[in-house]
Amino acid sequence: MQHPVVANLYNQLALPVIAAPMFLVSGPEMVIAQSASGIIGSMPSLNARPQSQLSEWLSEISESLATLRAREPERVVAPWAINLIVHHSNDRVEADLATCEAHKVPIIITSLRAPGDVVSAVHAWGGKVFHDVTTLRHAEKALEAGVDGLILVSAGAGGHAGTISPFALVGEVRRMFDGPIILSGAISRGHDIAAARAMGADFAYMGTRFIASHEARAADAYKQMIVDSAARDIVYTPYFSGIPGNYLRQSVIAAGFDPDALPAQPAGATRFDSDDKRDKADASAPKPWRDIWSAGQGVGNIEQVMSVADIVEQLQNEYADACHRLRDGFGTQEGVDARGGLDTVRL
């Protein structure tokens, strides 16, 4: 029997995918396009600068999607999410949370610290909280804080990634938690989405796949580097942000660093400043995310820059193909969903 939160979301989606929020890459146009395509769109609150811009963006998202639902009532228009960095150096957490409350954001994605104080506020307005974790201990602490779902950031994910195999992490977490599990880590094809569900996750978490989209706020050179790269071009290091993360080798080189000889210790303390203190201190210095570009190990399966709608359509076709191959190879399963989406095969 499906967990009620999972069942409720499945009824609102065309594909079991949550788009990962990406610093400086995700904006309201991407969130709208993702949700309009039937997957959960998201963006970090910190992408809105100054902070007052966040309310404008949330209004744009909610109004655009409401208009689309009214105009096309048969269309699958998914919920959306905002990412809050609940790190001690982020001095915008309270203000951003209050803005999300004013707009009744359906889903809040939290990162970097167990979000106990955030959970109660989000639940008060009827929202859900999904939290990023990289280890079983992080998962336990998040559940103690009362989160609704866990985002397992496993080996190969873009950005601040973990090192544990998704096979190990999903299995360990599922033994203690029957709620929503969202899996991240080198997921770039519809076949990967089917694999995530087969191993026990409810949703796939995809970021890198959407960097190479027309709606992404990434530089054209960044998008092309995604298309040109493969798994061997991903460098895992804590040096640039203070937290281990995956970056594109060529962007590391372009910033003046040797990716094969990076110091083991971070260049400085981890910070999430709302007023770009580090940029003001040295505007010319290379910065992670802005100049040193992140990506996951799934880049080798991304062949061209496309619209979000076309990416989702391709993922749907690949997902259906993977599920049909599993059905054909291992006996009869339940049939095909009318929209080729979530219940193509009940694995």
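Residues numbered from 1 in each chain as written. Predicted model: local features only at pLDDT ≥ 70, side-chain atom pairs only at ≥ 80, totals over all residues. Heavy atoms only, no water.

1. Remarks on the confidence of the model for the protein chain
- Per-residue confidence for the protein chain gives a mean pLDDT of 91; residues scoring 70 or more make up 90%.
- Predicted confidence for residues 274-279 stays below pLDDT 50, and this span has eleven contacts to residues more than four positions away or in other chains.
- Across residues 332-342 the pLDDT falls below 50, and counting only partners more than four positions away or on other chains, this stretch makes 31 contacts in the model. (pLDDT = per-residue confidence, 0-100. Contact = heavy atoms within 4.5 Å.)

2. Describing the sheet that holds strand β6 (residues 149-153)
- As summarised here, the arrangement of the eight strands in space is β1-β8-β7-β6-β5-β4-β3-β2, forming an open sheet in which the pairing is parallel. Each of the sheet's edge strands pairs with one partner strand only, and the pair in question is β1 (17-19) and β2 (41-44). Neighbouring strand axes in the sheet, compared pairwise and without regard to direction, differ in orientation by 25 degrees on average.
- By the bridge criterion, three bridges tie strand β7 (residues 181-184) to strand β8 (residues 203-206) in an arrangement that is parallel. Note on β8: the bridge partner recorded for Ser-184 is Tyr-205.
- Packed on one face of the sheet, helix α7 (residues 166-174) meets β6 and β7 and runs near 160 degrees to β6. (Pairing = 2+ DSSP bridges. Helix = DSSP H or I, 4+ residues; strand = E, 2+ residues; numbered from the N terminus. Axes fitted to C-alpha atoms, helices over the stretch in contact; angles between N-to-C directions.)

3. Re the packing of aromatic side chains
- On inspection of all chains with the given rule, the structure shows seven aromatic pairs.
- On the basis of an interplanar angle of 75 degrees and a centroid distance of 5.3 Å, the ring pair of Tyr-239 and Phe-240 is categorised as edge-to-face. Each member of the pair, Tyr-239 as well as Phe-240, is classed as buried.
- Ring centres of Phe-240 and Tyr-247 lie 5.4 Å apart, and the angle between their planes is 75 degrees; this geometry places the pair in the edge-to-face category.
- An aromatic cluster of three or more residues is present, and its members are Tyr-239, Phe-240, Tyr-247, Phe-257 and Trp-289. (Phe/Tyr/Trp six-rings, centres within 6.5 Å; stacked < 30°, edge-to-face > 60°. Buried < 20%, exposed > 50% of the residue type's maximum accessible area, 1.4 Å probe, protein only.)

4. Some thoughts on the nonpolar core
- Ranked by internal contacts, the top residues of the largest apolar core, which has 76 residues, are Ile-82, Ile-108, Leu-150, Leu-152, Ile-193, Phe-210 and Ile-226.
- Ranked by size, the runner-up nonpolar core spans 20 residues in total, among them Leu-13, Ile-107, Phe-130 and Val-153. (Core = buried A, V, L, I, M, F, W, Y, C linked by side-chain atoms within 4.5 Å.)

5. Brief notes about helix α5 (residues 116-124)
- Inspection of α5 places Val-118, Val-119 and Val-122 among the buried residues, and these make up the whole buried set. Looking straight down α5, one finds that the buried residues subtend no more than 100 degrees of arc, so they occupy a single side.
- Contact partners of the buried residues in α5: β3 (80-85), α4 (93-102), β4 (107-111) and β5 (128-133).
- The positive-phi residue at the C-terminal boundary of α5 is Gly-126, with phi of around 90 degrees. (Arc of directions from axis to C-beta.)

6. Comments concerning the environment of Phe-167
- For Phe-167, the position within the fold is in helix α7.
- Classification of Phe-167 as exposed rests on a relative accessible area of 64%.
- Considering only alpha carbons, one finds Phe-167 and Ser-154, 13 residues apart in sequence, at a separation of 9.1 Å.

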